[in-house]
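Structural overview for review
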Amino acid sequence: MPVQMNVDYSTSIPNNVALGDDRRVLKALEKWHPGYLDWWMNMGPEGFQDALVYLRTAVSVETDGWAVFDYVRMPEYRWGILLAPPEEDRKIPFGEHAGEPAWQEVPGEYRAMLRRLIVIQGDTEPASVEQQRHLGRTAPSLYDMRNLFQVNVEEGRHLWAMVYLLHKYFGRDGREEADELLRRQSGNADHPRMLGAFNEATPDWLSFFMFTTFTDRDGKMQLEALAQSGFDPLSRTCRFMLTEEAHHMFVGATGVQRIIQRTCDAMNQAGIEDPYDINAVRAFGVIDLPTIQKKANLHFSLSLDLFGSEISTNAANSFHASVKGRFKENRLQDDHTLASATYPVSRLVDGEIKVTEEPAVTALNTRLRDDYVHDCGKGIALWNNTITKSGVDFAINLPNAAFNRQIGEFKDAEVSPTGDLLSDADWSQRRSDWLPSKEDGDYIQSLMVPEVEPGKFASWIAPPKVGINNQPGDFEYVKIDG
Ligand SMILES: [Fe+2]
Ligand SMILES: [Fe+2]
């Protein structure tokens, strides 16, 4: 297959996979395209389909200089199919097939497994666009509005990425799955998205920033694990998606950081020393730190559920099959088959939380989750650094992994953020100390007033330190009327 590093924009679907020479797949994708556009118009950013948005579009898959920035109407965005450059003589890094040449076609015995993983990943991409579709109307600035739309069009591109794999490698059932990806809808009672966190509402901008910090980071970890796959087209697809994903987490982590900055500044100006004096803090139209902690607790725990059960034979099977690896598998120093290795897993044993050693190959979800928690630490450090520098006595902490879980070992237990098992009565009594209450939600909602003047920001968030693509502070990132 000829490989182009630069993206071919001459076909209706931009790509670097020589689609022009692949009539069957090009035709199939052209047939899928109108349904995608219908979905984008109906379920994508509400109220801004005619706006001109300063967006980046990928023009190459090389590490530097892969994107250009320009004003684009979102429905005219060139959603493309982009795979990272092939690694010459790539060998499968783990599992039963470790050391064999990476597969360029789907092995028959792993067809169902691969299709399932691609469909699950694909389902999350449009889901987040649906969850965020109302947020443009309450954007705290044009800068933030643009970032929201950038994330949205790239999640749309990630859907294209998975749909390409389905059409190219999975024949008829691949086509049917591609259609289903446009049929399910986030939060829909009859046709919900496949995973819980992708059916939750994203009602306000703090939720959006927490979602992009925590849930997009789960996406990163899943993509990292799939980037190790023996199925090379999947690996290359995920590797390029990861370059885009980094910006989503930047939007989230700096978004929360700017909210925290604004809160700390307001507290300092007003001489408020007690961060728990919520009414005093809220009087200045900013979001108090304890409420930010509660939102972090919620989104972190919802995102942990996305890793699945702590002990999982599915995870063991896909590792054994060389289909889904570990985080940075190719850099790990072990036998890459985990034949006799064990891994510590925190479990509920006889009504107590205990760490037990489990066969490492069945504990892969836990391991990926632990790597995720470690990675989350970067965002938390950024936030706490801002608080410390402001001289405010408070710290954001990640809750215990057993807190507020709906899936896995702890789904039937009530556990505090510090990891104490609670009675149902204690949990009910303390719940609103740890998770956002209706009042917290109403307060945040009351702040969601749009600010659309270039260079201006809503009362509850500080401006960013630098603009997108180094644009000046008063740059008009979105021309709302087109
Ligand atoms: Fe994505
Ligand atoms: Fe993302």
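Check the entry above for the structure.
A few points on the structure. (Residues numbered from 1 in each chain as written. Chains lettered and ligands numbered in written order. Predicted model: local features only at pLDDT ≥ 70, side-chain atom pairs only at ≥ 80, totals over all residues.)

1. Let's talk about the overall build of the chain
For the chain, the helix and strand inventory stands at 12 helices and seven strands. Computed over the C-alpha atoms, the radius of gyration of the chain is 23 Å, within 12% of the 23 Å expected from 2.2 N^0.38 for a compact globule of 482 residues. Dimensions along the principal axes, computed over C-alpha positions, put the chain at roughly 65 × 60 × 40 Å. Counting only residues that meet the buried cut, the chain has 46% of its 482 residues in that class. Once local pairs closer than 6 in sequence are excluded, the contacts in the chain between residues at least 24 apart make up 70%. (Helix = DSSP H or I, 4+ residues; strand = E, 2+ residues; numbered from the N terminus. Rg over C-alpha atoms; globule rule 2.2 N^0.38 Å. Buried ≥ 20, exposed ≤ 12 C-beta atoms within 10 Å, placed from the backbone. Contact = placed C-beta atoms within 7 Å.)

2. With respect to the packing of helix α5 (residues 205-227) against helix α8 (residues 289-305)
Across the interface, α5 lies against α8 with an axial gap of 9 Å and an inter-helix angle of 30°. Our classification of the angle between α5 and α8 gives roughly parallel. Regarding α5 and α8, the two cross each other, and that crossing is right-handed. On α8, the residues touching Leu206, Ser207, Met210, Phe211, Phe214, Thr215 and Asp218 of α5 are Lys295, Ala296, His299, Phe300 and Ser303. By residue class, the composition of the contact of α5 with α8 is six nonpolar, four polar and two charged. (Axes fitted to C-alpha atoms, helices over the stretch in contact; angles between N-to-C directions. Parallel < 35°, antiparallel > 145°, perpendicular 65-115°, else oblique. Left-handed = near helix turned anticlockwise from the far one by under 90°. Nonpolar A, V, L, I, M, F, W, Y, C, P; charged D, E, K, R; others polar.)

3. A short note on the nonpolar core
Ile81, Ile118, Phe149, Val163, Val256, Ile259 and Ile292 are the most contacted members of the largest nonpolar core, which has 119 residues in total. Sort the elements by how many residues they give to this core and helix α3 (residues 142-169) lands first, with 15 residues. Those residues in contact with Ile292, other than ones at most four positions away along the chain, are Val256, Ile259, Ile260, Ile287 and Ile396. (Core = buried A, V, L, I, M, F, W, Y, C linked by C-beta atoms within 7 Å.)

4. Describing the pairing of strand β3 (residues 342-349)
In the sheet, β3 pairs with strand β4 (residues 352-359) via eight bridges, with the strands oriented antiparallel. By the bridge assignment for β4, Val349 is matched with Glu352. (Pairing = 2+ DSSP bridges.)

5. Describing helix α9 (residues 313-320)
Two residues of an α-helix separated by three or four positions point the same way, owing to the 3.6 residues in each turn. Residues of α9 that are buried: Ala315, Ser318 and Phe319. Angular distribution of buried residues about the axis of α9 spans 105°; they occupy a single face of the element. Along its buried surface, α9 packs onto α2 (111-131) and α10 (364-389). Phi for Ser322, located one or two positions after α9, is positive at around 65°. (Arc of directions from axis to C-beta.)

6. Topic: the sheet that holds strand β7 (residues 478-479)
Taken together, the three strands give an open sheet; going across it, the order is β2-β1-β7, and neighbouring strands pair in antiparallel fashion. The open sheet has two free edges, formed respectively by β2 (67-73) and β7, since each of these has just one partner strand. Where strand β1 (residues 52-58) lies against β2, seven bridges are found, and the strand directions are antiparallel. By the bridge assignment for β2, Leu52 is matched with Arg73. Along the sheet face, α3 touches β1 and β7 and points at about 45° away from the line of β1.

7. Details of unusual backbone geometry
Unusually for a residue other than glycine, Lys328 sits at a positive phi of about 55°. One can find Lys328 in the loop between α9 and β3. Judged by the 13 C-beta atoms lying within 10 Å of it, Lys328 falls in the partly exposed class. Even without a glycine there, the phi angle at His336 is positive, about 60°. Counting through the fold element by element, His336 comes out in the loop between α9 and β3.

8. A word on the environment of Ala67
Mapped onto the fold, Ala67 is located in strand β2. For Ala67, a count of 15 C-beta atoms within 10 Å translates into the label partly exposed. Distance in space between the C-alpha atoms of Ala67 and Thr57 is 5.3 Å, their sequence separation being 10 residues. Once you skip the residues sitting within four places of it in the chain, Ala67 turns out to touch Arg56, Thr57, Ala58 and Val59.

9. Comments concerning the packing of α2 against helix α4 (residues 171-183)
Contact geometry of α2 with α4 gives a least axis separation of 10 Å together with a crossing angle of 20°. By the criterion of interaxial angle, the relationship of α2 to α4 is roughly parallel. The hand of the α2/α4 crossing is right-handed. Mapping the contact onto sequence places Arg115, Val119, Gly122, Asp123 and Pro126 in α2 and Asp173, Gly174, Glu177 and Leu181 in α4. Within the contact of α2 with α4, the residues separate by chemical class into three nonpolar, two polar and four charged.

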